[in-house]
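Notes for the structure review
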Amino acid sequence: MTKSLEMMTNEELAVSYTKGDNAAFDLLLDRVKGDVFSYILVVVHSKELAEDIFQDTFIKIIMNLQEGRYTDNGKFVSWAIRIAHNAILDVFRKQKSQNIFDPNYGDDMTRFSQSVFDNSKEQFIISKQVLKDAKNLMMQLPEPQREVVYMRCFQDISFKEIAEITGVSINTALGRMRYGIINMRKMAKQHNVSLDM
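Residues numbered from 1 in each chain as written. Predicted model: local features only at pLDDT ≥ 70, side-chain atom pairs only at ≥ 80, totals over all residues. Heavy atoms only, no water.

Overview of the overall build of the protein chain
Looking only at helices and strands, one finds nine helices and zero strands in the protein chain. Written out in order from the N terminus, the α and β elements of the protein chain read α-α-α-α-α-α-α-α-α. Of all 197 residues assigned to the protein chain, the portion counted as buried reaches 45%. In the protein chain, once contacts between residues fewer than 6 apart in sequence are set aside, the share between residues at least 24 apart is 64%. Summed over its atoms, the accessible surface of the protein chain is roughly 10800 Å², and 50% of this surface lies on carbon and sulfur atoms. (Helix = DSSP H or I, 4+ residues; strand = E, 2+ residues; numbered from the N terminus. Buried < 20%, exposed > 50% of the residue type's maximum accessible area, 1.4 Å probe, protein only. Contact = heavy atoms within 4.5 Å. Areas by Shrake-Rupley, 256 points an atom, 1.4 Å probe, with all protein chains shown as cover.)

Below is the structure:
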């Protein structure tokens, strides 16, 4: 007896699509588009640009699936976000080469480790208002910090996966998270917003 599409995991849908089931991809796209688009929008801060990158990302996802480059490891969303991240970097590189945009990546944070990261995730998920305030503050962070804070706190992606997606070391991801939290706390203090339990 075969599973209905609705009962399949994202990973099973991806594999089913590679075997020719287009309906499987339609359902897969419907399930993951929110996470992927939200991630892109948080990083690029432009709905129009995010929509372009989103379309490019799904073209790349389709090509990778059709070319057999996806292996079912139980993390389809992380795999899709990694493709989105690379698509964003391609746009940043193109804009930078045209002197339009400088993503301002700073890798001087690599010296920080897990010990300096206090468990701030819970501080964001206290109430709807705190969550809204935290998102507003997060959107004001520099792009590398905003990207890590969003993936960790709002998409619950592990630091190991964040490091793989963004192509940096775990210490760099931790450092960006740490600086992001510090900056968000400074902004919260300036605007008299509480992020504490």
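More follows now that the structure is in view.
Brief notes about the pattern of salt bridges
Once their charged atoms are close, side chains differing in charge can pair, the charge on each being opposite to the other. Inspection of the entire model under this criterion finds eight salt bridges. Asp 90 is paired through a salt bridge with Arg 93; the nearest N and O atoms lie 3.2 Å apart. Within this pair, Asp 90 and its partner Arg 93 are both found in helix 4 (residues 76-97), separated by three residues, close to a single helical turn. With a relative accessible area of 36%, Asp 90 lands in the partly exposed category. The exposure class of Arg 93 is exposed, given its relative accessible area of 52%. (Salt bridge = Lys/Arg side-chain N within 4 Å of Asp/Glu carboxyl O.)

Section: the side chain of Thr 172
On the secondary structure map, Thr 172 appears in helix 9 (residues 170-190). Polar contacts involving the side chain of Thr 172 include one to the side chain of Ser 169, which spans 3.0 Å. (Polar contact = N/O pair within 3.5 Å; in protein donor to acceptor, adjacent residues only side chain to side chain.)

Here we look at the nonpolar core
Grouped together as the largest cluster of nonpolar side chains are 55 residues, with contacts concentrated most on Tyr 39, Ile 40, Ile 61, Leu 65 and Phe 76. Contributing elements (two or more residues each) for this core: helix 1 (10-18), helix 2 (22-44), helix 3 (47-66), helix 4, helix 6 (128-138), helix 7 (143-154), helix 8 (159-166) and helix 9. Not counting the four nearest positions on each side in its chain, Tyr 39 is found in contact with Ile 81, Ala 84, His 85, Ile 88, Glu 147, Tyr 150, Met 151 and Gln 155. (Core = buried A, V, L, I, M, F, W, Y, C linked by side-chain atoms within 4.5 Å.)

Some details on the confidence of the model for the protein chain
Per-residue pLDDT for the protein chain averages 79, and the proportion of residues at 70 or more is 80%. Per-element mean pLDDT across the protein chain ranges from 38 in helix 5 (residues 121-124) up to 92 in helix 1. Low pLDDT, under 50, characterises residues 100-127; the predicted model gives this stretch 64 contacts beyond four residues in sequence or across chains. (pLDDT = per-residue confidence, 0-100.)

So, the packing of aromatic side chains
Using the criterion set out here, one finds eight aromatic pairs in the structure. With centroids separated by 5.4 Å and ring planes inclined at 45°, the aromatic side chains of Phe 76 and Trp 79 adopt a geometry described as tilted. Here Phe 76 pairs with Trp 79, and both are found in helix 4, just three residues apart, close to one helical turn. Put simply, the rings of Tyr 17, Phe 25, Phe 37, Phe 54 and Phe 58 touch in pairs and so form one group of aromatic residues. The cationic tip of Arg 178 hangs over the ring face of Tyr 179; the distance from NZ or CZ to the ring centre is 5.8 Å. (Phe/Tyr/Trp six-rings, centres within 6.5 Å; stacked < 30°, edge-to-face > 60°. Lys NZ or Arg CZ within 6 Å of the ring centre and 35° of its normal.)

Concerning helix 3
For helix 3, built from 20 residues, the straight-helix expectation of 28 Å at 1.5 Å per residue is met to within 8% by its first-to-last C-alpha distance of 28 Å. Among the residues of helix 3, Ala 50, Ile 53, Phe 54, Thr 57, Phe 58, Ile 61, Asn 64 and Leu 65 are the ones counted as buried. The arc enclosing the buried residues of helix 3, seen along the axis, measures out at 140°, which places them on a common side. Summarising the geometry of helix 3, the exposed residues directed more than 90 degrees from the buried face are Glu 48, Gln 55 and Gln 66. (Expected span 1.5 Å × (residues − 1). Arc of directions from axis to C-beta.)

Side note on the packing of helix 7 against helix 9
Pairs of packed helices are described in terms of their axes, by the angle between the two and the distance that separates them. Taken N-terminus to C-terminus, the directions of helix 7 and helix 9 make an angle of 95°; their axes are 8 Å apart at the nearest point. In this view, helix 7 runs roughly perpendicular relative to helix 9, as classed from their interaxial angle. On helix 9, the residues that touch Pro 144, Gln 145, Val 148, Val 149, Arg 152 and Cys 153 of helix 7 are Ala 173, Arg 176, Met 177, Tyr 179, Gly 180, Asn 183 and Met 184. Looking at the contact of helix 7 with helix 9, its residues break down into eight nonpolar, three polar and two charged. (Axes fitted to C-alpha atoms, helices over the stretch in contact; angles between N-to-C directions. Parallel < 35°, antiparallel > 145°, perpendicular 65-115°, else oblique. Nonpolar A, V, L, I, M, F, W, Y, C, P; charged D, E, K, R; others polar.)

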